[in-house]
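# What the coordinates show
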Amino acid sequence: MHARIAATIIVACLAFSSARAQDAEKLTLSIPPEVTEVATAGTWSDADLSGVFRATVLTVPAGETTQAHLVLQLMSVSADGNTSKVHKTVPVKQIEDKKLPNAFLAVEEDGTENEVTWRVTSYDSNSNADIGALVTIDAKGDVQVKDAPKEEESAAQQPEKK
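To keep things clear, this report deals only with the structure shown in the data block. (Residues numbered from 1 in each chain as written. Predicted model: local features only at pLDDT ≥ 70, side-chain atom pairs only at ≥ 80, totals over all residues. Heavy atoms only, no water.)

Right, let's get into the sheet that holds strand β3 (residues 65-77). Read from one edge of the open sheet, 4 strands run β1-β2-β3-β4, paired in antiparallel fashion. On the outer flanks of this sheet lie β1 (35-46) and β4 (84-91), each paired with one strand and no other. Each neighbouring strand pair of the sheet contributes to a mean axis angle of 25 degrees, computed without reference to strand direction. (Pairing = 2+ DSSP bridges. Helix = DSSP H or I, 4+ residues; strand = E, 2+ residues; numbered from the N terminus. Axes fitted to C-alpha atoms, helices over the stretch in contact; angles between N-to-C directions.)

Under the definition given, this model contains 4 salt bridges. Salt-bridge contacts for Lys-93 lead to Asp-97; the nearest nitrogen and oxygen are separated by 2.9 Å. Taken together, the residues span about one helical turn, with Lys-93 and Asp-97 both in helix α2 (residues 93-97) at a distance of 4 residues. Using a relative accessible area of 46% as the deciding quantity, one classes Asp-97 as partly exposed. (Salt bridge = Lys/Arg side-chain N within 4 Å of Asp/Glu carboxyl O. Buried < 20%, exposed > 50% of the residue type's maximum accessible area, 1.4 Å probe, protein only.)

Before going further, it helps to examine the sheet that holds strand β8 (residues 143-147). The antiparallel open sheet is built from 4 strands, whose spatial order is β5-β6-β7-β8. Of all strands in the sheet, those with a lone pairing partner are β5 (104-109) and β8, marking the two edges. Along the sheet, successive strands turn relative to each other by an average axial angle of 25 degrees, direction set aside. Bridge count for strand β7 (residues 129-138) against β8 is 5 bridges, and the pairing is antiparallel. For Ala-133, the partnering residue across the bridge sits in β8 and is Asp-147.

That is the geometry; function is a separate question.
In structure tokens form, the structure reads like this:
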């Protein structure tokens, strides 16, 4: 009897686990191909709400090339930490105005409470140039964008010291 109950529980758990995996696959398949990168970083809190910051890069056709768009979101997290929802969405017009053909994200700084800074980089093959911006968002959804300093040369690129 106990063996039958244990077997039933194991089969039920496996079925549930399989269903959750299928749900994750189904959810992944629903992401539009224009979403080329998503990153979360940092934490924010405002009154009784708190959560994390999320950045999404969308790359859409623009004439004979593509154009990157950056959308930042404040994701609120439930008190038990099991669910989240979009609290605020902020399209970053300054990135859109640059008409970048692509964009890649790296967390520049997330140690400051209630704000995070992403380094947004783009490579333009026509001009063989890297373009960079630092994008900071705070817990109110205010965004600041400034040109990024050039990243330091790697050790391999630096002249050899004698």
